[in-house]
Amino acid sequence: MARSPASAVRPHRVVVLALDGLLPFELGIPHRIFGRPRDAQGQHLYEVLTCSVRPPGPVRTDADFVIHVEHGPEALATADTVIVPASYELGPVFEQGVLTEELAAALAHISPGTRLASICTGCYVLAAAGYLDGRPATTHWYDAEHFQRLFPRIRVDANVLFVDDGDVLTSAGVAAGIDLCLHILRRDHGTAIANEVARRTVVPPHRDGGQAQYIHRPVPDPRLATTGAARAWALGRLHEPIQLRDMARQEAMSVRTFTRRFREESGVSPGQWLTRQRVERARQLLESSDLSVDQVARDAGFGTAQSMRQHLQSALGVTPTAYRRTFRRGAD
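Here's a quick rundown of the structure. (Residues numbered from 1 in each chain as written. Predicted model: local features only at pLDDT ≥ 70, side-chain atom pairs only at ≥ 80, totals over all residues. Heavy atoms only, no water.)

## Some thoughts on helix α6 (residues 176-189)
Here is step 1: Along its 14 residues, α6 runs 20 Å from first to last C-alpha, staying within 8% of the 20 Å computed at 1.5 Å per residue.
Here is step 2: In terms of burial, α6 is largely enclosed, as 13 of its 14 residues are buried.
Here is step 3: Backbone geometry just downstream of α6 places Gly190 in the positive-phi region, at approximately 95 degrees. (Helix = DSSP H or I, 4+ residues; strand = E, 2+ residues; numbered from the N terminus. Expected span 1.5 Å × (residues − 1). Buried < 20%, exposed > 50% of the residue type's maximum accessible area, 1.4 Å probe, protein only.)

Set out below in structure tokens:
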């Protein structure tokens, strides 16, 4: 496991690997998300460095400019987390699934136990290095079939924004990299800090990793009624029992029409969406309140602590008590 940001003497170091042909937008995501948060004493929680596979110097982008990178591959040896953004010049990595000698030598600096993450086609680098063998992963929907053919040992899911497999995380393209980095921040330090960074970045504070990528999905006709009012209605009463017919009634739709329209607009069923909102509500209460686990379960709409425990275990892999113990310090 990567070293805990909460317990490290120095800030948790994130090293971003800049490869020729990189997308400037995606290169900047880790710096924007991890460069902002501070602890209660005003100290940075993360330190973000950018490195190249070569000695310090210029790195080509897919735009009409180059960037100057001040760190060579040796910086990877100091990383607690390594992030590989997308590149349009991966060469044999993309075409054959094999690392160049230069890239292999750079990745050899990474210490065992370092957390690894990729944005978009950066996953090809992790896959070619063997880090994704036998694991679930995702990438941009456009490349998902090619990625699966090239790396048949990887369980590719093209329908999600990001995949968290513990010490290795992958994301879909472009904006999904923001979701991935906010998820890592939330996992490390809790919802309150992640939400504050999201507000400063002017992006939604939370899009669940299981949310569908925007692929092959027709945009609902704006002249037709949407399901937004039903979602707002449900969010205001998560602590109450909510039936599908109750939500459909808010939009004056039949249950069948509402369910279809809801899936078109959100990518998930109404029931899945409700569960996710209740998990998020439970997380917020566990971090920011002194309510008992039983009361949190009732206020989040799970009814019983056992039900909430099962849903948190399924969604987050931890119990409510363990989640509170881990993240309450960040909320405080």
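Right, picking up where we left off after that structure.
## Topic: the pattern of salt bridges
Here is step 1: This model, assessed by the stated rule, comprises 19 salt bridges.
Here is step 2: Note that Asp164 and Arg187 form a salt bridge whose closest N and O atoms lie 2.8 Å from each other. Remark: Arg187 occurs in helix α6 and Asp164 occurs in strand β9 (residues 162-164); sequence separation between them is 23 residues.
Here is step 3: Judged by its relative accessible area of 30%, Asp164 is partly exposed.
Here is step 4: For Arg187, a relative accessible area of 24% corresponds to the partly exposed category.
Here is step 5: Residue Glu280 pairs with Arg283 through a salt bridge whose shortest N-O separation is 3.8 Å. Of this pair, Glu280 and Arg283 both sit in helix α11 (residues 270-288), three residues apart, roughly one helical turn. (Salt bridge = Lys/Arg side-chain N within 4 Å of Asp/Glu carboxyl O.)

## Thoughts on helix α12 (residues 293-300)
Here is step 1: For α12, the complete set of buried residues consists of Val293, Val296, Ala297 and Ala300. Viewed along the axis of α12, the buried residues span an arc of 100 degrees, placing them on a single side of the element.
Here is step 2: Once α12 ends, the next one or two residues include Gly301, with phi positive near 95 degrees. (Arc of directions from axis to C-beta.)

## Quick look at the pairing of strand β5 (residues 81-84)
Every regular strand shows the same layout, with side chains that alternate between the two sheet faces.
Here is step 1: Of the two faces of β5, the one holding Thr81 and Ile83 and the one holding Val82 and Val84 are both buried throughout.
Here is step 2: Bridge count for strand β1 (residues 12-17) against β5 is three bridges, and the pairing is parallel. For Val14, the partnering residue across the bridge sits in β5 and is Thr81. (Pairing = 2+ DSSP bridges.)

## Brief notes about the environment of Asn159
Here is step 1: Its place among the elements puts Asn159 in the loop between β8 (155-156) and β9.
Here is step 2: We classify Asn159 as partly exposed; its relative accessible area is 45%.

## As for the nonpolar core
Here is step 1: In this structure, Val14, Ile33, Phe34, Ile83 and Leu185 are the most contacted members of the largest nonpolar core, which totals 35 residues.
Here is step 2: Of all the secondary structure elements, the ones that give two or more residues to this core are β1, α1 (24-34), β2 (46-51), β4 (66-69), β6 (115-119), α6 and α7 (191-201).
Here is step 3: A total of seven residues in this core trace back to one element, the largest contributor, which is α6. (Core = buried A, V, L, I, M, F, W, Y, C linked by side-chain atoms within 4.5 Å.)

## A look at the packing of aromatic side chains
Here is step 1: Inspection of every chain in the model, using the stated rule, returns eight aromatic pairs.
Here is step 2: Connected via pairs of aromatic rings, a cluster forms that spans Phe94, Tyr124, Phe147 and Phe151.
Here is step 3: Lying across the ring of Phe262, Arg231 places its NZ or CZ 5.4 Å from the centre. (Phe/Tyr/Trp six-rings, centres within 6.5 Å; stacked < 30°, edge-to-face > 60°. Lys NZ or Arg CZ within 6 Å of the ring centre and 35° of its normal.)

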